[in-house]
Amino acid sequence: MFGNGQTKWPVQSVRSKRANTTVNADIYMAHGINEYSGRTATAASVHLRNGFRVIGIDMPSFGRSSGLHGYLPTLRWNEGALNAVMLHVHMWDEYEQLENLAHRKRFAQGASMGGFTCAYHAALHPPPSTSVSMSLNGICLTAPMLQISPITRPNVCIEAIARMVSLVAGRLGVLQPIRGHLSDDPNVEFYARQDRQGYLGRLRIDTGLGIADGLTHLDQIAESIRCPILIFHGTADRVTDPDGSQLFYDRLLVQDKTIKFWPGWEHGMYARLMSQL
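This one's a predicted model, so the numbers in the text were calculated from it and none came from an experiment. Residue indices begin from 1 for each chain and proceed along its sequence in written order. Given that this is a predicted model, residues contribute local features only at a pLDDT of at least 70 and side-chain atom pairs are listed and counted only at 80 or more, while totals for whole chains, interfaces and linings are drawn from all residues. The side-chain quantities take in all heavy atoms of the structure and omit both hydrogens and water.

Draft legend 1. Inspection of the packing of helix H4 (residues 156–169) against helix H6 (residues 205–221) at higher detail. Convention adopted: a line fitted to C-alpha atoms gives each axis, helices being fitted over their contacting stretch, and angles between N-to-C directions are expressed from 0 to 180 degrees. A run of H or I in DSSP becomes a helix once it reaches four residues, and a run of E becomes a strand once it reaches two; helices and strands are each numbered from the N terminus. Look at H4 against H6: their axes get within 9 Å of each other, and the N-to-C directions meet at 125°. Judged on the interaxial angle alone, H6 and H4 are oblique. Crossing hand, H4 versus H6: left-handed. Along its contact with H4, which presents Glu159, Ala162, Arg163, Val165, Ser166 and Ala169, the element H6 presents Ile205, Asp206, Leu209, Ala212 and Asp213. Gly is put with the polar residues, along with every residue not named as nonpolar or charged; the nonpolar set is Ala, Val, Leu, Ile, Met, Phe, Trp, Tyr, Cys and Pro, and the charged set is Asp, Glu, Lys and Arg. When grouped by side-chain class, the residues that make up the contact of H4 with H6 number six nonpolar, one polar and four charged. Between 65 and 115 degrees an angle is taken as roughly perpendicular, under 35 as roughly parallel, over 145 as roughly antiparallel, and anywhere else as oblique. Should the near helix be turned anticlockwise from the far one by less than a right angle, the crossing is left-handed, and should it be turned clockwise, the crossing is right-handed. Residue contacts are defined here by distance: any two heavy atoms, one from each residue, within 4.5 Å place the two residues in contact.

Okay, structure coming up:
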């Protein structure tokens, strides 16, 4: 359960069987906007084959988690959900007396909004871990939502109107959340727009404003990230801006950082990227 002290949202998470793992490390998978943990299965399967334990999370209001589908007025819900699941997994590991728990590593990987969630959590929960805050040992971001592409983001006038409308109708869906192509693979494009477990409606006003505010906040605290970071981005991405990834990378103070651009690749990179590992 994750909440703000008054309201609680059950968050769905699934983890692999420990018997299949050989590495003393967990990888937490964070999905993109309007998606769910099952959409990270391609990447998760690679990690499982390499001996990691993998935990997939349906973020609040997406997938099988509770809440109005697609309603995310603040991106603190996502990083809070990630932290809550990490604490819950650690609690059960302690209860089951998992061997070498004190030295267990925790990594997070996410694409699009999931990439933002990983970076946001790393900035808000630097090491060391405490009883209420779990830090990460490394993060991997794929086409991260660090800056919205100008093709997709509404202009400042529409955003200003949206802030006024949100006072009375913040849950209203008004905009197409993704403009342009998700992937250069037509199968990825087709199934993404037909998957009923994902949110297929228009972007809700409060969700759009929550994204804008979250991007601003992460930009202000990017220097707080202390763990190693790996960023992948396609140069043809028309959803999240690859230039934003470069600007974010340049601001990071951590020494162990890597960024790689894939010429001509669209936003949906997982399938192609994992096939090359």
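Next comes the rest of the description.
Draft legend 2. A look at a nonpolar patch on the surface. Patch building starts from residues that exceed 30% relative accessible area and form no salt bridge, then joins like charges within 9 Å and nonpolar side chains (Val, Leu, Ile, Met, Phe, Trp, Tyr) within 5 Å. Exposure was quantified through the Shrake-Rupley algorithm and a 1.4 Å probe, taking into account, for residues, occlusion by the shown protein chains and nothing else. Salt bridge criterion: a side-chain nitrogen from Lys or Arg within 4 Å of a carboxyl oxygen from Asp or Glu. Side chains of Met91, Trp92 and Tyr95 sit close together on the surface and give an oily, nonpolar patch of about 360 Å² of accessible area. Examined against the element boundaries, Tyr95 turns out to sit in helix H2 (residues 76–95). Residue classification places Tyr95 among the exposed residues on the basis of a relative accessible area of 64%. Burial status follows relative accessibility: with a 1.4 Å probe on protein chains alone, a residue under 20% of its type maximum counts as buried, one over 50% as exposed, and anything between as partly exposed.

Draft legend 3. Inspection of the pairing of strand S10 (residues 229–234) at higher detail. Within S10, five of the six residues are buried, which leaves the element mostly enclosed by the surrounding structure. Criterion used throughout: strands pair if DSSP finds at least two bridges between them. In this structure, strand S7 (residues 138–142) lies alongside S10, joined through four bridges in parallel fashion. The residue of S10 that forms the bridge with Leu141 is Ile231. Here S10 pairs with strand S11 (residues 257–262) via six bridges, running parallel. By the bridge assignment, Gly234 is partnered in S11 with Trp262.

Draft legend 4. Spotlight on the packing of aromatic side chains. Geometry of aromatic contacts follows a simple scheme: Phe, Tyr and Trp rings, the Trp one being its six-membered ring, pair when their centres are within 6.5 Å, and the pair is stacked under 30 degrees between planes, edge-to-face over 60, tilted otherwise. A full pass over the atoms with the stated rule returns five aromatic pairs. Consider the rings of Trp92 and Tyr95, whose centres lie 5.2 Å apart with planes at 85°: the pair is edge-to-face. You can see Trp92 and its partner Tyr95 sitting in helix H2, three residues apart, about one turn around the helix. The partly exposed category is assigned to Trp92, whose relative accessible area is 34%.

Draft legend 5. Expanded view of the nonpolar core. By nonpolar core is meant a set of buried Ala, Val, Leu, Ile, Met, Phe, Trp, Tyr and Cys residues that side-chain atoms within 4.5 Å join together. Ranked by size, the top nonpolar core spans 46 residues in total, and within it Tyr28, Ile139, Leu218 and Phe248 carry the most contacts. Listing elements by their share of this core, those giving two or more residues are strand S4 (25–30), strand S5 (53–58), H2, helix H3 (113–124), S7, H6, S10 and helix H7 (242–251). Per-element tally for this core: the top contributor is H3, with seven residues. Dropping the residues within four chain positions of it, Ile139 is found in contact with Ala108, Cys118, Ala119, Ala122, Cys227, Pro228, Ile229 and Leu230.

Draft legend 6. Highlighting empty space enclosed by the protein. Buriedness of a pocket was judged along seven lines, with at least five required to meet protein on both sides within 12 Å; pockets are open sets of points on a 1 Å grid over the protein atoms alone, cavities are sets where a 1.4 Å probe fits but cannot get out, and lining residues have an atom within 4 Å of a point. Grid points are joined across faces, edges and corners, and a volume is the space filled by probe spheres set on the points. The tally for this structure, following the rule as stated, stands at one cavity of 30 Å³ or more. Classifying every residue of the lining of the largest cavity by side-chain character gives five nonpolar, one polar and one charged.

Fair warning: the whole summary comes from geometry, so function is off the table for now.
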